[in-house]
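Descriptive structure summary
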Amino acid sequence: MSDLGSEDADESGEAVEDIGEYEGDRNSEGQRHGFGKARLPNGDTYEGEYECGLRSGYGTYRFKNGALYTGNYLQNKKHGKGVFFYPDGSKYAGDWVDDQKQGFGEYLYANGDTYTGEWANNKRHGQGTYVYKETGSKYVGCWVNGIQDGPAELIHLNHRFKGRFLNGKPIGQGKFIFDIGCEQHGEYIQPVQEKEEEEEDEESQFPVDPIWKVSEITKLTPWSPHDEELLSLREAAEEAAEEAPEEAAEEAAEEAVTEEGGDQPESDTGEEGEGIREEEVNQSPENEETTDLGG
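All of the points below concern the structure found in this document.

Structural notes on the environment of G80
Here G80 shows up in strand β6 (residues 77-85). In the structure, G80 is positioned 14 residues away from G94 in sequence and 8.2 Å away in space, judged by C-alpha atoms. Contact partners of G80, with chain neighbours within four places excluded, come to N72, G94, D95 and W96.

A short note on the nonpolar core
Taken as a class, soluble globular proteins show a tendency for nonpolar side chains to be buried jointly. F84 and Y139 are the most contacted members of the largest nonpolar core, which totals 28 residues. When contributions to this core are tallied by element, the ones reaching two or more residues are β3 (45-51), β5 (68-74), β7 (91-97), β9 (114-120), β11 (138-144), β12 (147-155) and β13 (159-166).

Looking at unusual backbone geometry
The phi angle at N122 is positive, at roughly 70°, despite the residue not being glycine. Its location among the elements puts N122 in the loop between β9 and β10 (123-131). By relative accessible area, which is 12% here, N122 ends up buried. The backbone phi angle of N167 is positive, close to 55°, even though this residue is not glycine. Overall, the relative accessible area of 55% leaves N167 in the exposed class.

Cut-offs used in this document
- Residues numbered from 1 in each chain as written.
- Predicted model: local features only at pLDDT ≥ 70, side-chain atom pairs only at ≥ 80, totals over all residues.
- Heavy atoms only, no water.
- Helix = DSSP H or I, 4+ residues; strand = E, 2+ residues; numbered from the N terminus.
- Contact = heavy atoms within 4.5 Å.
- Core = buried A, V, L, I, M, F, W, Y, C linked by side-chain atoms within 4.5 Å.
- Buried < 20%, exposed > 50% of the residue type's maximum accessible area, 1.4 Å probe, protein only.

And the structure:
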């Protein structure tokens, strides 16, 4: 889905200073400066801060087509934090630079999908999470110029795929992780298209989806937050057991010097460590985010 939504709204109605109706503050040169309200010839309205005749600071711009922007401006351009409501019901809330989505932001699409993450030049770019409302699946990973590209996970209801994406499709080695307790390792391979002799027109060639080839299936060790608590207790016990021998040795040396012929104190070295059984705690790969196609 397009990142621009229905952003055909143009704020050029106030590109020329002092056009339309204006009510508000002015500077000594008569320019719009401070807080004011403007109704432009194209039907748009603006209410907010001005600086030397230009929208600068916080303000709200209403388009005649129903779109609305409220947030920060710099020299007539959206710049800083702001929220844009589009006529089709979609919405972007986040960072703006020079009138473009740039930085971090969240986009709610008209169909209910959402994207939360990094932006550059009005496109999803960097790390981000895209959630598909219809299926509940979500893509968590890298984006390049609005396309899924790089390491990522595609998470579904009862399984996930972890691997790499290229131009919106999985490619290379990866694995599917299933909630039933197993992992399927393999590789996505791009099939080679065979051109027929009669078919020389490149435009007639359609892209072919990568094919998944399984290499092995392994067991998956279940993991829960309780396992992590046990691991913390185990690590604490091991640290205490390591410190105990050193403390006992120091005490024995001191008593040997001060008490000639005295009995050596019984050492409790290792009692704390021996009294605790080590429990294997294997964190499951389910703790990792992974993903699969078909969301």
